[in-house]
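# Observations on chain architecture
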Amino acid sequence: MDALSDHDWRTLEFAAEHRLVLATHVAALLGVWLPAAEAQVQSLLDRGLLRDARRSEQALGCEQITRAGLNAVGSTLPAPRPSAAGTYQHDVGLAWLWLAARAGAFGPLTAIVSERQMRSEDGRAEQRQNLLGVRLGGVGPGGRDRLHYPDLVLHTAAGHRVALELELTPKPSARLEKILAGYAADRDVDAIVYLVDKPARGLAVTKSAARLGISHLVHVQRVSFAARRPADRVRAAERARGAAGTVHRNPRSDAVGVAGAVRGAGAARGAGAAHGAGAGNGAGTARGAGAGDAERSR
């Protein structure tokens, strides 16, 4: 097999962190036009380092990294499981959020930790005391702790850890409150930012956090993900390339307002409920300095 180019490495390392990737993701990642990104993806497909992950008409053009691709970049992560039709939009949106975080949309970061990475590290952990997953109480399969994993964890330059939850489907209130209670008990998470596509979902999170008395820890922010035709995807990728270093401006992810929530979230635990009232809908403008080279490790 031919030696990997810099673009090969960057694309495969990105694909390792996610369940699926699109050519438009790759265009934004590499700062190239969409045809060049499609050629990059096709080259990796031809060499067996990516595979076609299409399961429906909706998921046209999505790819997943293969075991060979993971081995090529020295990744110990497992091959991603297929993306179900019901989670396709979430998986696509999560990759855009990762790109936005890497580009500095959420302020200076020292690390961006994906759900896949957290699950993998916990699966290999011999000591169960220091898990990355949030304990929900009780015992799960195999007698192990019942855990919940954020979609992303951001390590801020100020030394705080902020969990991001991309909430695009409704959860029963009992399930949501169990997760929030787990976060409240986890001293390693300084704040939680819920990204919602509909006001009703945000209201459900806000009400549940208030019932549990943890409104000071929980921030809610709107985010929009629009289904687009192929021509629209071309324009989206071109705009992403033109806004090098500001991937948050891509129309697939309106992440700008999340920056204020992330910046304001760090001191939430220390501030307490009395000082955190009203923080549940933190908003702000993005600032891009310092996160372009954020590490992707714990």
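In what follows, the accompanying structure is described. (Residues numbered from 1 in each chain as written. Predicted model: local features only at pLDDT ≥ 70, side-chain atom pairs only at ≥ 80, totals over all residues. Heavy atoms only, no water.)

## Some remarks on the overall build of the chain
Short version of the rule: Only DSSP runs of H or I covering at least 4 residues are called helices, and only runs of E covering at least 2 are called strands; the numbering of each starts at the N terminus. Burial classes follow relative accessibility: with a 1.4 Å probe on protein chains only, a residue under 20% of its type's maximum area counts as buried, one over 50% as exposed, and anything between as partly exposed. Only the protein chains shown count as cover for residues, and the accessible areas themselves come from Shrake-Rupley with a 1.4 Å probe.
When you go through the chain residue by residue, the secondary structure sums to eleven helices and nine strands. Split into buried and exposed, the 298 residues of the chain put 51% on the buried side. If you sum the accessible surface of the chain, you get close to 13100 Å²; carbon and sulfur atoms cover 51% of it.

## Quick notes on the pattern of salt bridges
Rules: Think of a salt bridge as a Lys or Arg side-chain nitrogen and an Asp or Glu carboxyl oxygen that are within 4 Å of each other.
Throughout the structure, instances matching the rule amount to nine salt bridges. The residue arginine 161 makes a salt bridge to aspartate 188 at a minimum N-O spacing of 3.8 Å. With arginine 161 in strand β7 (residues 161-167) and aspartate 188 in the loop between α7 (173-185) and β8 (191-196), this pair connects stretches of sequence that are 27 residues apart. The partly exposed category is assigned to aspartate 188, whose relative accessible area is 44%. Among the ionic pairs, glutamate 167 bridges to lysine 171, the shortest N-O distance being 3.1 Å. Take lysine 171: its relative accessible area is 31%, and that puts it in the partly exposed class. Members of the salt-bridge network, linked through shared partners, are Arg19, Asp91, Glu115 and Arg119.

## Regarding the nonpolar core
Using the following cut-off: Take the buried residues of types Ala, Val, Leu, Ile, Met, Phe, Trp, Tyr and Cys, join any two whose side-chain atoms come within 4.5 Å, and each joined set is a nonpolar core.
In this structure, Leu12 and Phe106 are the most contacted members of the largest nonpolar core, which totals 48 residues. Contributing elements (two or more residues each) for this core: α1 (6-16), α2 (23-30), α3 (34-46), α5 (88-102), β3 (109-114), β6 (152-156), β7 and β8. Counting 17 residues, the second largest nonpolar core, distinct from the first, contains Val134, Leu176, Ile179 and Ile214.

## Some thoughts on the packing of α1 against α2
Axes are the key here: two packed helices are described by the angle between their axes and the distance separating the axes. Quick reminder of the rule: Lines fitted to C-alpha atoms define the axes here, with helix axes fitted over just the stretch in contact, and angles between the N-to-C directions of these axes take values from 0 to 180 degrees. For classification purposes, angles smaller than 35 degrees are called roughly parallel, those larger than 145 roughly antiparallel, those between 65 and 115 roughly perpendicular, and all remaining angles oblique. Helix crossings fall into two classes, left-handed where the near helix is turned counterclockwise from the far one by less than a right angle and right-handed where it is turned clockwise. Contacts were defined at the residue level, with two residues in contact if any of their heavy atoms lie within 4.5 Å. For this classification, the nonpolar set comprises Ala, Val, Leu, Ile, Met, Phe, Trp, Tyr, Cys and Pro, the charged set comprises Asp, Glu, Lys and Arg, and every other residue, Gly included, is treated as polar.
Taken N-terminus to C-terminus, the directions of α1 and α2 make an angle of 125°; their axes are 10 Å apart at the nearest point. Looking at the two axes, α1 sits oblique to α2. In this structure, the crossing between α1 and α2 has a hand that is right-handed. Judged by residue contacts, His7, Arg10, Thr11 and Phe14 of α1 engage His25, Val26, Leu29 and Leu30 from α2. Among the residues making up the contact of α1 with α2, the classes are represented as four nonpolar, three polar and one charged.

## Concerning the pairing of strand β9 (residues 218-222)
In plain terms, the rule: By convention a crossover is right-handed if, when the strands point away from the viewer, the path from the first strand over the helix to the second runs clockwise.
Of all the five residues making up β9, four are buried; the element is thus mostly covered by neighbouring parts of the structure. Running through helix α8 (residues 199-211), the crossover from β8 to the neighbouring parallel element β9 is right-handed.

## A word on the environment of glutamate 38
Topologically, glutamate 38 is positioned in helix α3. Of the residues examined, glutamate 38 reaches a relative accessible area of 43% and is grouped as partly exposed. Along the sequence, glutamate 38 and valine 26 sit twelve residues apart, while their C-alpha atoms lie 8.1 Å from each other.

## Observations concerning α3
Convention followed: One fewer than the residue count of a helix, multiplied by 1.5 Å, yields its expected span. Think of the arc as the fan of directions from the helix axis to the C-beta atoms.
Taking 1.5 Å of rise per residue, the 13 residues of α3 would be expected to cover 18 Å, and the 18 Å separating its terminal C-alpha atoms lies within 8% of that figure. For α3, the full list of buried residues reads Leu34, Ala37, Gln40, Val41 and Leu44. Relative to the axis of α3, the buried residues are bounded by an arc of 120° and lie together on one face. Relative to its buried face, α3 has exposed residues pointing more than 90 degrees away, namely Pro35 and Asp46. Just beyond α3, the residue with positive phi is glycine 48, at close to 75°.

## Describing the sheet that holds β3
For clarity, the threshold we go by: Here, strands pair whenever DSSP counts at least two bridges between them.
Ordered by their spatial adjacency, five strands build an open sheet running β3-β6-β7-β8-β9, and the pairing between neighbours is mixed. The sheet is open, and its two borders are formed by β3 and β9, each paired with just one other strand. Here the strands of the sheet are splayed against their neighbours by 20° on average, with no regard to which way each runs. Relative to β6, β3 runs antiparallel, the two sharing five bridges. In the sheet register, isoleucine 112 faces β6, and the bridge partner there is leucine 154. Against the sheet, helix α6 (residues 115-124) engages β3 and β6, with an angle of about 75° to β3.

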